[in-house]
Structure formats: C-alpha cells, structure tokens
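Descriptive structure summary
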Amino acid sequence: MHDPPEKSSLLVLENFIGGTFVPCGRHVDSYDPSVGEVYCRVPDSGPQEVEAAVAAAKEAFPGWSALADLLEANAEEFAQAESRDQGKTVTFARTVDVPRSVHNFRFFASSALHHTTDCSQMDHAGCLSYTVRSPVGVAGLISPWNLPLYLLTWKIAPAIAAGNTVVAKPSEMTSVTTWMMCKLMQQAGVPPGVVNVIFGTGPRAGDALVGHPEVPLVSFTGSTATAQRITERSAPYCKKLSLELGGKNPAIIFADANLDQCIETTVRSSFSNQGEICLCTSRIYVERSIYPEFLQRFVAAAKKWTTGAPSDPGSSNGALISREHLEKVRSFVALARSEGGTVHCGEGVDRLDLPERNANGYFMPATVVSGMSEGSRVMQEEIFGPVTCVGAFDTEDEAVALGNGVRYGLSATVWSRDVGRVHRVARRLQAGLVWTNCWLLRDLNLPFGGMKSSGVGREGGKDSYHFFTEVKTITIKQ
C-alpha cells in the first residue's frame, strides 16, 4: 500500500545501503506493543531496494571495524528502544539483548583469529594436501522479531569476520535497533557496502533477497513455514542455507531433582521474554511421584511472574509483539479449555493490573495448563507465548518418548541429581541443545541449531566459520 500523509511525530526509518541511509517510497506501520499504537514507519522494500543493496555488497567484497565498544557505550539507549519496539521489559533488554549483542561482535572478532585448517601428507605418493578457507561473497541474513538485535548481530558478526559482505533484513515489526546500529557503523568506520540493511516484509524484501542470484548464502531465523519457502526459492541456485527454526521444547523432571532450583529455573525458561524465545519450555513432564507437589509449587511461582508495563522494574514480562499474535496465543488457551484441559493460572484466570496508558497493549499473564492429550495441537504446535503445559510420566523410557513426540527438536532440559541418568537421557533426546539442571547457558564456541523441523545446519564458533566460508583442498606433488 502507498503511504498516507506522514505524521510528524512518527519515527521514519530508511534503508542502509552502501554506507548511507536511503529513503524508500513505501512504508509499513510498526506498533508499540505496550500501548497498541503506531509509532514508527518502516520501509516496505522490494526487489529494487534489494538489488541496490546486493550491488553495494558485491562491490565492497572483498575488501571492515569493531562495533562492540560503541554499542556498549549506547547500551541504555538501545535497551529502551528494543523494549518499545518489541514489547519486552527494559530489564530484559538491558540484561540480555544488548549485552549479548555486544558479546557477539567481540566473540567473533576474536574467534576468527584462532581457526585452523587441515593438512595431510601422503608419503607413498609424494604429496602434501592442505585446505584453505575463503569467504563466500554476499551473505543474506534474515532475523526475527523476538530478539531483534541479539539475533541479527549473531549473524552479521561471523559473516563479516569471515570476510563476507552482508545484506541484512530484520523483521518489519522490530527494525528500530538495527537502524540505530547502522548509525554506529558509520561512526565505527565500517567501509561502505560491507553491511547493508533493507527493511521490509518477508513477501517483498525477504523474497527478493533469498531469490537473488548474487546472494550465494542465506542465514535465517524464524518459522518453519517461512524456511520452507526460502528453501524453494534458493534451490535453483544451490545456495548454502542455515535455518534456525521453531521449537516445542520439553523439560523432563525426575523425582530426585532439586525442586527449589528446578521450579525457579523452569518458570524462567517457560515465560521469559513473554515466552517469545525459540528455546522456551512449552512442555513439562514430571515424574508421577512428585507431580502433585511440583504442579502446586510451579503454579504458585508462575502467579508471581508479573506481567506489566515494560518500563516497570517490577515487571517480569512485558507485552506480546502484536494484537494478532496475542489472539493466536489466546486461541491455544481456549482450545485447551475446549479439550478438557485445566488452566491453573494466567489467561482467563488472573486479572492483569495495568497502568492506564497500557490498557490497549498486548499483554497476557503467565499461563499454566494441565490435562492435555499428547495429540492436541496445544501439545504439538509452537505457541510462542507465555503458555506452558504440565504432564506426568512413570518411567525414563516414557519420559524420553514424550520429549521426542513432536516434529520439533530444538532444545530440552533434564532435571535430576543422577549423573548417569542425565547423560543417558540427554543422548536419547532428539534436540540440538540439551541443558541439565540449568537453562540458557550458552558457550558461543559450540554449535547452535535444531533437529527435525527445528532447522538445518549449525552456527556458533567453528560452525559459523565453516558456514560463512568455502573450503578448498590443495594438493602439492613433491
């Protein structure tokens, strides 16, 4: 759609191409989820803008500077902006999103110096073979709306550290901190064309980017359905793909678990960032002998996980990303009720006490459901909100079968004091990451990614280096 008359109070973003900000003739609205009002106009980029960005990236390859210090110096400004754009609490943005974005740049700037290549000697043939790695070229990077800067820097940093140039597209719903980062790139002296950012929707800007013949590599984080479309568009060009997708992550809690620690962490793993993290726990399976105690204590703890204004330091959760997403999450709770599930707290049970200015925001309290059939959509589909389901198991084998009983395989948590058991169960679970007696502890040296419908490929440390480079074997006859 074409633009209505501009409101002077709205923030208007521009694409970042070839080191300069470039206006766009079309825009889409971006809402402040905490008040339910438009506050920003985001470029609705299409093939023309993508073509210009790819051309700038191609021209700058081969041919970059650290952003980490500047990002850290402006951390509070970025935290406030991320909170307003996404709906998360300022506290979460301040303690998670921005520090991790800074760490992404520092980590990959350092790790790029420590990779080694292979060498093999064939004495019988008088040959020495070795490998070299080189950048791929222009990397297409697409990030989601839940952890906007956190996940986009996770892609930009290793891409440029490996010598590639970048055309990045953040979600049209959460574009502001990426636009702010572009300003810091100018201050940091990143050469023009090395990092280009186009703003817009998936069907226009995203489709044009992944289908561009001069973009040989695509890293995407988002939904499984969108990844299928990316795969189809990339297939004619045999592009390298890294796809980090959804999850329906189980927590398996054995009777010997430290319940104090387990309940505190599992509340956090279920509801952090409004449950809008692909790694959040959405299915909890508890050994039957402790199930009643766990459920009672877990519900009590969930009721204390407060939902309120993102700027309130006392808020554990802020607003969900949009009205449409809020209605989708609510529909799963309604479905649970219609199928005989019990909603212990949260949606439809507990009343939210919000400031007047947030009355039209997209808020939902932490919600705990039990009594669901494993075949229910509530148990099988990614809800991506502050909703988790609790059930019981009797044996270790049953727990593993329940944990593996969905099409996703991103992450899982296991709670037990039995060292042999946690190793055994972790190996049997079909998940790319398994935490035992903890959650969301990440070593960026190690692979990140999922199994089954949760993704293709891995990123992190050596894996990111391998993805963002091409390997060549050279054999020398002595």
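Relevant structure appears above.
Keep in mind that what you see is a predicted model, and the values were worked out from it rather than measured.

Broken down by element type, the chain carries 15 helices and 23 strands. In terms of C-alpha radius of gyration, the chain reaches 23 Å, essentially the compact-globule figure of 23 Å for 478 residues. Projected onto its principal axes, the C-alpha positions of the chain cover 75 × 70 × 40 Å. Residue burial in the chain is summarised as follows: out of 478 residues, 56% are buried. Counting every atom, the chain has about 19,500 Å² of accessible surface; 53% of that belongs to carbon and sulfur. Seen as two clouds, the 44 positive and the 50 negative side-chain charges of the chain have centres 3 Å apart.

The next thing to look at is the packing of helix α1 (residues 47-60) against helix α7 (residues 202-210). Each pair of packed helices can be summarised by the angle the axes make with each other and by the distance between the axes. For the pair α1 and α7, interaxial distance at closest approach is 8 Å and the crossing angle is 40°. As judged from the angle between their axes, α1 and α7 are oblique. The interaxial crossing formed by α1 with α7 has right-handed handedness. On α7, the residues touching Pro47, Val50 and Val54 of α1 are Ala205, Ala208 and Leu209. Here the contact of α1 with α7 is built from residues that sort into six nonpolar, no polar and no charged.

A word on the sheet that holds strand β14 (residues 281-287). With mixed pairing, seven strands are arranged side by side in an open sheet as β15-β16-β17-β14-β13-β19-β20. What marks the edges here is a single partner per strand, and that holds for β15 (342-345) and β20 (433-436). Mean inter-strand twist for the sheet, computed between neighbouring axes without regard to direction, equals 25°.

Let's shift gears to the nonpolar core. In terms of nonpolar packing, the biggest core is built from 66 residues, with Leu141, Ile156, Val166, Val195 and Leu279 touching the most fellow members. It is helix α5 (residues 148-161) that contributes the most residues to this core, nine residues altogether. Sequence-distant contacts of Ile156, that is, excluding residues within four places in its chain, are made with Phe105, Leu141, Val166, Met181, Met185 and Val195. Within the second largest apolar cluster, 30 residues are counted, among which are Val333, Val378, Ala412 and Val414.

The next subject is the state of the cysteines. Counted according to the given criterion, the structure contains zero disulfides. With no disulfide of its own, Cys182 lies closest to Cys40 among cysteine sulfurs, the gap being 13 Å. Cys182 sits in the buried class, given a relative accessible area of 0%. The thiol sulfur of Cys438 is not disulfide-bonded, and the nearest other cysteine sulfur, from Cys262, lies at 12 Å.

A word on unusual backbone geometry. One non-glycine residue, Cys238, lies in positive phi territory at about 50°. Overall, the relative accessible area of 69% leaves Cys238 in the exposed class. One non-glycine residue, Gln274, lies in the positive phi region at around 65°. Within the secondary structure layout, Gln274 lies in the loop between α9 (259-271) and β14.

With that out of the way, let us pick up the packing of α5 against helix α6 (residues 176-188). Here α5 crosses α6 at 50°, and the two axes come no closer than 9 Å. As summarised for this structure, α5 and α6 are arranged oblique, according to the angle between their axes. In contact with Pro148, Leu149, Leu152, Thr153 and Ile156 of α5, α6 contributes Thr177, Thr178, Met181 and Met185. In terms of residue class, the contact of α5 with α6 is built from six nonpolar, three polar and no charged.

Let us look at the pattern of salt bridges. Applying the stated criterion across every chain yields a total of 24 salt bridges. Put simply, Glu76 and Arg94 hold a salt bridge, and the shortest N to O gap is 2.8 Å. Note that Glu76 is positioned in helix α3 (residues 75-86) and Arg94 in helix α4 (residues 90-111), a separation of 18 residues in sequence. Between Glu396 and Arg421 there is a salt bridge, with its nearest N and O atoms 3.6 Å apart. One end of the pair, Glu396, is in helix α13 (residues 396-403); the other, Arg421, is in helix α14 (residues 419-428), with 25 residues separating them in the sequence. One salt-bridge network, in which partners are shared between bridges, spans Asp256, Glu396, Asp397, Arg421, Arg424 and Arg428.

Within the secondary structure, Thr281 sits in strand β14. Contacts of Thr281, omitting those with residues within four sequence positions, involve Asn249, Pro250, Ala251, Ser269, Ser270, Thr388 and Thr413.

Taken residue by residue, α14 has Arg421, Val422 and Val425 as its buried positions. The buried side chains of α14 occupy one side of the element, clustering within an arc of 95° when seen end-on. In this structure, α14 carries Val419, His423 and Arg427 as exposed residues pointing more than 90 degrees from its buried face. Considering only its buried residues, α14 is in contact with α13, β19 (411-415) and β20. The residue sitting at the N-terminus of α14 and contributing the capping side-chain oxygen is Asp418; that oxygen lies 3.1 Å from the backbone nitrogen of Gly420.

Time to look at the packing of aromatic side chains. Within this structure, the stated rule accounts for 10 aromatic pairs. With a centroid separation of 6.5 Å and 65° between ring planes, the pair formed by Phe21 and Trp179 is classed as edge-to-face. We classify Phe21 as partly exposed; its relative accessible area is 21%. Note on Trp179: relative accessible area 14%, which makes it buried. Aromatic ring contacts, followed pair by pair, group Phe107, Phe108, Trp154 and Phe448 into a single cluster. Between the NZ or CZ atom of Arg421 and the centre of the ring of Phe254, over which it lies, the distance is 4.3 Å.

Right, let's talk about α7 for a bit. Among all positions of α7, only Ala205, Gly206, Asp207, Ala208, Leu209 and Val210 are buried. As for α7, its buried residues are in contact with α1, β8 (138-142), β9 (165-169), β11 (217-221) and α8 (224-234). With a side-chain oxygen lying 3.5 Å from the backbone nitrogen of Arg204, the N-terminal cap of α7 falls on Thr201.

The rules behind the values
Residues numbered from 1 in each chain as written. Predicted model: local features only at pLDDT ≥ 70, side-chain atom pairs only at ≥ 80, totals over all residues. Heavy atoms only, no water. Helix = DSSP H or I, 4+ residues; strand = E, 2+ residues; numbered from the N terminus. Rg over C-alpha atoms; globule rule 2.2 N^0.38 Å. Buried < 20%, exposed > 50% of the residue type's maximum accessible area, 1.4 Å probe, protein only. Areas by Shrake-Rupley, 256 points an atom, 1.4 Å probe, with all protein chains shown as cover. Lys, Arg positive; Asp, Glu negative; His and termini not counted. Charge placed at Lys NZ, Arg CZ, Asp CG, Glu CD. Axes fitted to C-alpha atoms, helices over the stretch in contact; angles between N-to-C directions. Parallel < 35°, antiparallel > 145°, perpendicular 65-115°, else oblique. Left-handed = near helix turned anticlockwise from the far one by under 90°. Contact = heavy atoms within 4.5 Å. Nonpolar A, V, L, I, M, F, W, Y, C, P; charged D, E, K, R; others polar. Pairing = 2+ DSSP bridges. Core = buried A, V, L, I, M, F, W, Y, C linked by side-chain atoms within 4.5 Å. Disulfide = S-S within 2.5 Å. Salt bridge = Lys/Arg side-chain N within 4 Å of Asp/Glu carboxyl O. Arc of directions from axis to C-beta. Polar contact = N/O pair within 3.5 Å; in protein donor to acceptor, adjacent residues only side chain to side chain. Phe/Tyr/Trp six-rings, centres within 6.5 Å; stacked < 30°, edge-to-face > 60°. Lys NZ or Arg CZ within 6 Å of the ring centre and 35° of its normal.

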